[in-house]
Amino acid sequence: MKVAIVTVGELPIPDVRGGGAETLIEHIIEKNEQYKELDIIVYSIYDELAEKKSKTFKKTEFVYLSLNKKILLKRLKRKAIKLISGFDIPIENYSYSKVLKDILRRNVDVVIIENTMVPYVKYSRKLKKKVLLHTHWDYINNTLPALVLNGYKKALRKSSGVITVSDYIKKCILTVPEITSENVSVLKNCTDLSRFGMQYKSVELMALREKNGISQDDFVFIFCGRISPEKGALELAKAFNKLHDKNKVKLLLVGSAKTGHAQMDSYTENVHNELKQSSDHVVITGYIPNQDMPMYYQMSNVAVLPSINDDPAPLTVFESMASGLPIITTYSGGIPEYADKQCAIFCHKDERIVSELSDAMDIVRKDSELVLKMQQHAKERVKIFNTDQYYKDLLKILRERMNHHENSNCD
């Protein structure tokens, strides 16, 4: 089966700059090197490091494209529209028309559009049932403007449908009239258990702690992700300041304003300023490459991931569980589908969040027996979200969709 994967184009493939969707695509192409079930073509934004890494893959062809010349202007326009209307318009990071021409000249069986609506709507007109949207976000729901929603519904009818990362996203899509469960499949996210579950030597973890100014007997809460409003970094900062006892406690803040880059913005500055009153107990690393993250998780005691928006399926949840970390998180989107109450403490993402986060941190800090039980369950729970199963589940969905299309043509 020949499969074309069309990416958003904000970050490259392979995932040398991070990114959730990009990491999942790399899991697919890595597993395909092992199972060789697919001939894959990946369309990605150009990146020198990514192109170098791409040469290690034999069963995937990489087509690299340049950024649109007016992309910065388009991104500013997108931000302005979102600020005024609350509606996030999709933009073309590279020429999707050029990619479509390239796909049309190849004998491709399936085209997977990764997490962007522009090519999905455009390609469904030309490629029809060959097209599948793999959405990692809540792009299709009944709150959209009628004109936009009608365009999405037409694309859904013409294409082979949508793959979502959680039941939560599927439910959002099914709020749209005329869309049924038959149009939507769920492919649960995964993580590389061999990487995040690998046990590092205590001497290595001790050295990393020392490098970051963390004592061996400090209790470490780790936050990993974008330093952005939707990830709840400011609420976490306020909650940490409220802790009753910070003796031998550290907050490890890993991430920056933009995935893949050591970038600051006004929100990040607000978070840093909030944490000044606890500065002796806070370590801020900035962006850390994903390949280095397993050690940062393993030198920590508990992950705090307080998503404010309805996060569909953040990979930091899987990575924390695979690393054997209890999680403090929120009742957000698809998170409760992945973590459960035996490995996570859930907080409400409303006006209660700061107090509940602080209380949860106090609880785990003082209850070593509870932490141990949560650690053990996290490692067991995450086993079902492995890369092998992810690849096999994707194959199953692709075959089902292709068979359904062929049977429809016969009818």
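Since the model is a prediction, treat every value here as computed from it, not as a measurement.

A.B. asks: Any chance you could break down the nonpolar core for me, citing the residues and the numbers?
C.D. replies: Counting residues in hydrophobic clusters, the biggest one holds 37 residues, and the most contacted among them are Val6, Tyr43, Ile103, Val111, Tyr120, Tyr123 and Ile140. Of all the elements, helix α5 (residues 117–127) adds the most residues to this core, at 6 residues. Setting aside residues no more than four positions away along its own chain, Tyr123 makes contact with Val6, Tyr96, Val99, Leu100, Ile103, Val111, Ile113, Lys128 and Val131. One finds Ile40, Val110, Leu315 and Leu395 within the second-largest nonpolar core, a separate group that totals 34 residues.

A.B. asks: If you had to explain the sheet that holds strand β5 (residues 131–135) to someone new, which residues and values would you point to?
C.D. replies: Judged by pairing direction, the sheet is parallel, and its 7 strands sit side by side in the order β3-β2-β1-β4-β5-β6-β7 without closing on themselves. Edge strands, defined here as strands with exactly one partner in the open sheet, are β3 (60–65) and β7 (184–186). Going across the sheet, the axis of each strand differs from the next one's by a mean of 20°, ignoring polarity. Note that β5 and strand β6 (residues 162–164) share 3 bridges and pair parallel. Within β6, the position partnered with His134 by the bridge is Ile163. Each of β1 (2–6), β2 (39–45), β3 and β4 (110–114) is contacted by helix α4 (residues 96–104), which is oriented at about 175° to β1, the strand it contacts most.

A.B. asks: Which residues make up unusual backbone geometry, and what values go with them?
C.D. replies: The peptide bond linking Ile13 to Pro14 adopts the cis configuration, its omega dihedral lying at -5°. Looking at where Pro14 falls in the secondary structure, it is placed in the loop between β1 and α1 (20–35). For Asn115, which is not glycine, the phi dihedral falls at a positive 60°. For Asn115, the location among the structural elements is in the loop between β4 and α5. The class of Asn115 is buried, set by a relative accessible area of 14%. If you check the backbone angles, Glu178 has positive phi at about 85° while not being a glycine. When you line up the elements, Glu178 lands in the loop between α7 (167–173) and β7. Judged by relative accessible area, which is 60%, Glu178 ranks as exposed.

A.B. asks: Please give an account of helix α13 (residues 315–322) that cites residues and values.
C.D. replies: One turn of the α-helix equals 3.6 residues, which is why residues spaced by three or four share an orientation. By the criterion of burial, α13 is predominantly enclosed, with 8 of the 8 residues buried. Those residues of α13 not exposed but buried are Leu315, Thr316, Val317, Phe318, Glu319, Ser320, Met321 and Ala322.

A.B. asks: Tell me about the sheet that holds strand β11 (residues 302–305), residues and numbers included.
C.D. replies: The 6 strands are arranged β10-β9-β8-β11-β12-β13 in an open sheet whose pairing can be described as parallel. The outermost strands of the open sheet, each flanked by one partner alone, are β10 (282–286) and β13 (344–347). Going from strand to strand, the sheet's axes swing by 20° on average, the running direction of each strand aside. Summarising the sheet, strand β8 (residues 219–224) and strand β9 (residues 249–254) pair through 6 bridges and their orientation is parallel. What sits directly across from Ile222, in β9, is Leu252. Sitting on the sheet, helix α10 (residues 233–241) touches β8, β9, β10 and β11, and the angle it makes with β9 is about 170°. Those strands touched by α13 are β8, β11 and β12 (327–330), and its axis lies near 170° from that of β11.

A.B. asks: Requested: an account of the side chain of Glu114, with residues and values cited.
C.D. replies: As for its position among the elements, Glu114 is in strand β4. Despite being buried, Glu114 has no salt bridge partner; Arg401 is the closest side chain of opposite charge, sitting 14 Å away. Setting aside chain neighbours within four positions, we find Glu114 in contact with Ile5, Val6, Thr7, Val8, Ala21, Ile25, His134 and His136.

A.B. asks: Pulling in residues and values, what's your account of the side chain of Gln298?
C.D. replies: Take Gln298: it is sitting in helix α12 (residues 293–298). Engagement of the side chain of Gln298 in a polar contact is seen with the side chain of Gln199, the distance being 3.4 Å. Beyond its immediate sequence surroundings of up to four residues, Gln298 is in contact with Phe196, Gly197, Met198, Gln199, Tyr200, Leu205 and Ser323.

How each quantity is defined
- Residues numbered from 1 in each chain as written.
- Predicted model: local features only at pLDDT ≥ 70, side-chain atom pairs only at ≥ 80, totals over all residues.
- Heavy atoms only, no water.
- Core = buried A, V, L, I, M, F, W, Y, C linked by side-chain atoms within 4.5 Å.
- Buried < 20%, exposed > 50% of the residue type's maximum accessible area, 1.4 Å probe, protein only.
- Helix = DSSP H or I, 4+ residues; strand = E, 2+ residues; numbered from the N terminus.
- Contact = heavy atoms within 4.5 Å.
- Pairing = 2+ DSSP bridges.
- Axes fitted to C-alpha atoms, helices over the stretch in contact; angles between N-to-C directions.
- Lys, Arg positive; Asp, Glu negative; His and termini not counted.
- Salt bridge = Lys/Arg side-chain N within 4 Å of Asp/Glu carboxyl O.
- Polar contact = N/O pair within 3.5 Å; in protein donor to acceptor, adjacent residues only side chain to side chain.

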